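# Tertiary structure, described
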Amino acid sequence: MVGEIRDPVTAETAVRAANSGHLVFATLHAPIAAGAIESLLALGVAPHFLATSLLGIVSQRLARTLCNECKIPLDVSRTKMFGSVEQWLDEKEGHQIFAAGGCEHCQHEGYRSRTGVFEVLRMTGELRQMVTQGRTAREIQDEAMRQGMLDLRRSALLKVAAGITTTDELARLIPAERFAAVG
């Protein structure tokens, strides 16, 4: 386990260990999952060795969860708000969202705890080829999404549809340029 990869020596050591058969877990700051690849390449890791050793990347954010005692339902059944995640919704989801209220249970904040929002990029042959070719993080991310990866925006949107968090939290967690990235 590597606490955080911040420098070329640590990056090279982690990739060498992975290439020699060790399972390596590490943290790295990146705005999207594919950004971790770009960061490692910027630290001087050889693209071929990174492509052959990388199994996957998990990007995560913590979203505040609504207080069940005071959340306020809002009807969105006539909108196409959940069009990009419709295939993953239960039949009861997607007809309403909730806003934060405020009560004594949540100290009048409307939120009580946190939940994880995840993006899991699993390496495939196509993605490995893209890493070897030095393609950009955006290109790799887009290809991973074409292959079925659920990005942070859609993952957060599913939490909104399930009544776990709010659209305000989605806007706080996800960079604005990612809102329009997938229809």
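Every chain is numbered independently, its residues counted from 1 as its sequence is written. Selection of residues for local features in this predicted model requires a pLDDT of at least 70, selection of side-chain atom pairs for listing and counting requires 80 or more, and totals for whole chains, interfaces and linings are taken over all residues. Hydrogens and water molecules were not included; the side-chain quantities draw on all heavy atoms of the structure.

### Quick word on the overall build of the protein chain
In terms of regular secondary structure, the protein chain is built from seven helices and four strands. When the backbone C-alpha atoms are referred to their principal axes, the protein chain occupies close to 55 × 35 × 25 Å. Using a 1.4 Å probe on the protein chains alone, a residue whose accessible area is under 20% of its type maximum counts as buried, one over 50% counts as exposed, and one in between counts as partly exposed. A buried classification covers 39% of the 183 residues belonging to the protein chain. Contact between two residues is taken to exist if any of their heavy atoms lie within 4.5 Å; hydrogens are not considered. Restricting to contacts in the protein chain with at least 6 residues of sequence separation, those with at least 24 account for 71%. Of the accessible surface of the protein chain, which amounts to about 10,500 Å², a share of 52% is contributed by carbon and sulfur atoms. Under the counting rule used here, the positive set is Lys and Arg, the negative set is Asp and Glu, and His together with the chain ends is not counted. Charge placement uses NZ in Lys and CZ in Arg. For Asp and Glu, CG and CD serve respectively. One way to put it: in the protein chain the 20 positive side-chain charges average out to a point 1 Å from where the 21 negative ones average out. Elements are defined by DSSP. Helices are runs of H or I of four residues or more, strands are runs of E of two residues or more, and each kind is numbered from the N terminus. For every accessible area listed, the method is Shrake-Rupley and the probe measures 1.4 Å; residues are considered covered only by the protein chains on display.

### Observations concerning the packing of aromatic side chains
Two rings from Phe, Tyr or Trp (for Trp, the six-membered ring) form a pair when their centres sit within 6.5 Å of each other. Planes less than 30 degrees apart are called stacked, planes more than 60 degrees apart edge-to-face, and all others tilted. For the structure shown, the criterion picks out zero aromatic pairs. Should the NZ of a Lys or the CZ of an Arg lie within 6 Å of a ring centre and within 35 degrees of the ring normal, that charge is described as sitting over the ring. It is Arg64 that lies over the ring of Tyr111; its NZ or CZ is 3.9 Å from the centre.

### Things to note about the pattern of salt bridges
Criterion for a salt bridge: a side-chain nitrogen of Lys or Arg within 4 Å of a carboxyl oxygen of Asp or Glu. By the definition in use, this model includes seven salt bridges. The salt bridge involving Glu139 is made with Arg135; its shortest N-O contact spans 3.4 Å. Across the pair Glu169 and Arg172 runs a salt bridge whose closest N-O atoms are separated by 2.8 Å. Placement of both Glu169 and Arg172 in helix 7 (residues 167–173) is noted, with a separation of three residues, approximately one turn of the helix.

### Quick notes on the nonpolar core
Proteins that are soluble and globular tend to have nonpolar side chains buried together. Ranked by size, the top nonpolar core spans 25 residues in total, and within it Ile37, Leu50, Leu121 and Ile140 carry the most contacts. When contributions to this core are tallied by element, the ones reaching two or more residues are helix 1 (8–19), helix 2 (33–42), helix 3 (47–53), helix 4 (125–132) and helix 5 (137–146). By residue number, the principal contributor to this core is helix 2, which donates five residues. Leaving out residues up to four positions away in the same chain, Leu121 has contacts with Ala33, Ala34, Leu55, Gly56, Ile57, Leu127, Ile140, Gln141, Ala144 and Met149. The next biggest cluster of nonpolar side chains, apart from the first, holds 16 residues, and it includes Phe82, Leu89, Leu157 and Leu158. Think of a nonpolar core as a cluster: buried Ala, Val, Leu, Ile, Met, Phe, Trp, Tyr and Cys residues, connected wherever their side-chain atoms sit within 4.5 Å.

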